[in-house]
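Observations on chain architecture
Below are the chains, spelled out letter by letter.
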Amino acid sequence: MNTAQGRRHWRQEKFLPYLLLAPALVLLAGMIYPFALGFYYSFTSYWLQYPNRFRFVWFDNYVSLVTEPLFLSSLEFTLAFTLAAVVIQVGLGLAIALFLHGRIPGRGAIRALMLLPLMMPPVITALMWKIMMASTNAGILNHMLSFVGVGPINWFGSTEGAVASILIIDTWGNLPFVALILLGGLQALPNEPYEAARVDGAGAFAVLRYVTLPLLSPFIVLVVLFRTMDSLRIFDVIYATTLGGPNDATTNLHIMAYQYSFQWFQMGKGMAQAIVLLLLVVICSYLLMRLWNRASESTQ
């Protein structure tokens, strides 16, 4: 190899890592730029109607949230909905995983059918349930309830019905994910602790409490982490069904940020609410990640 070819080969090897990283860097820049722009707008009085007329208000948008009744109710709904969704979905998902882990006929077919909700976009799922939850007997859900003597439920017109409907739709769409993750965790557990428990004469409940759940704890914390992050920032299901109603009963921080930004055109306040939601997600994720690390270390 002559000198010119050697130099060309050296230059190719030198710049090859940068060329391979270029797509990732472009994607990273595309993610950082809108976040930085939204963070910048959160300190301004920016209105969409007057894009060239805004000024810095520094922390005024954040301070005003403390005295905003809608923000406080949205924060309360966000936290309450997240807690209810995570508890219900993880509890039901664990029960389904334990059921499918046993030797039951048609287990493979059931697992395949469980993937169907995961294949549907959340908005399509929400609209499908909205049709089934029509407030009269024309809705298939109320029609089925009429056979057991339950009158038509106003699913989306009442506060309790709207909250329950959002919870049902979100659970139906995400329960298979929780169940399959926990089922994979059950199948990865070692057999030796179970053999020792059988030798000691432990019952089924004792095995579940003292063997299965401690060994499965990293997987449980993992699905709690994923479902907490998703539940805190749920948007599509609420937007497609109630849009935060009735009377702001299902307005969470994400919906409120959307309303301020794109319905009421107060982009500065909307971005401040979005940043608060982001901080909430980051804090919860950090705490759950620490819990997951402890659970992983305890099972090693």
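A brief look at the structure comes next. These numbers were taken from a predicted model, which means no experiment stands behind them. (Residues numbered from 1 in each chain as written. Predicted model: local features only at pLDDT ≥ 70, side-chain atom pairs only at ≥ 80, totals over all residues. Heavy atoms only, no water.)

Among the residues of helix 6 (residues 122-132), Thr125, Ala126 and Trp129 are the ones counted as buried. With its buried residues spanning 95° around the axis, helix 6 presents them on a single face. (Buried < 20%, exposed > 50% of the residue type's maximum accessible area, 1.4 Å probe, protein only. Helix = DSSP H or I, 4+ residues; strand = E, 2+ residues; numbered from the N terminus. Arc of directions from axis to C-beta.)

Interaxial distance between helix 3 (residues 69-101) and helix 10 (residues 204-232) falls to 9 Å at its minimum, and their mutual angle equals 140°. Classified by the angle between their axes, helix 3 and helix 10 sit oblique to one another. The crossing of helix 3 and helix 10 is right-handed. Residues Thr78, Leu79, Phe81, Thr82, Ala85, Val86, Gln89, Val90, Leu94 and Leu98 of helix 3 form the contact with helix 10, whose own contacting residues are Leu208, Thr212, Leu213, Leu216, Ile220, Val223, Val224, Arg227, Thr228, Ser231 and Leu232. In terms of residue class, the contact of helix 3 with helix 10 is made up of 14 nonpolar, six polar and one charged. (Axes fitted to C-alpha atoms, helices over the stretch in contact; angles between N-to-C directions. Parallel < 35°, antiparallel > 145°, perpendicular 65-115°, else oblique. Left-handed = near helix turned anticlockwise from the far one by under 90°. Contact = heavy atoms within 4.5 Å. Nonpolar A, V, L, I, M, F, W, Y, C, P; charged D, E, K, R; others polar.)

As a further point, take the pattern of salt bridges. By the definition in use, this model includes three salt bridges. In this structure, the salt-bridge partner of aspartate 230 is arginine 227, at a minimum N-O distance of 3.1 Å. Residue aspartate 230 and its partner arginine 227 are located together in helix 10, separated by three residues, close to a single helical turn. Residue aspartate 230 is classed as partly exposed on the basis of its relative accessible area, which comes to 31%. Aspartate 230 is paired through a salt bridge with arginine 233; the nearest N and O atoms lie 2.9 Å apart. Bridged by salt links that share partners, the residues Asp170, Arg227, Asp230 and Arg233 form one connected network. (Salt bridge = Lys/Arg side-chain N within 4 Å of Asp/Glu carboxyl O.)

What follows concerns the packing of aromatic side chains. By the definition in use, this model includes 20 aromatic pairs. With centroids separated by 6.0 Å and ring planes inclined at 75°, the aromatic side chains of phenylalanine 177 and phenylalanine 226 adopt a geometry described as edge-to-face. Remark: phenylalanine 226 occurs in helix 10 and phenylalanine 177 occurs in helix 8 (residues 159-188); sequence separation between them is 49 residues. Of the residues examined, phenylalanine 177 reaches a relative accessible area of 28% and is grouped as partly exposed. Among the aromatic side chains, those forming a connected cluster through ring pairs are Tyr40, Tyr41, Tyr46, Phe54, Phe56 and Trp58. Here arginine 53 stacks its cationic end above the ring of tyrosine 50, 4.6 Å away from the centre of that ring. (Phe/Tyr/Trp six-rings, centres within 6.5 Å; stacked < 30°, edge-to-face > 60°. Lys NZ or Arg CZ within 6 Å of the ring centre and 35° of its normal.)

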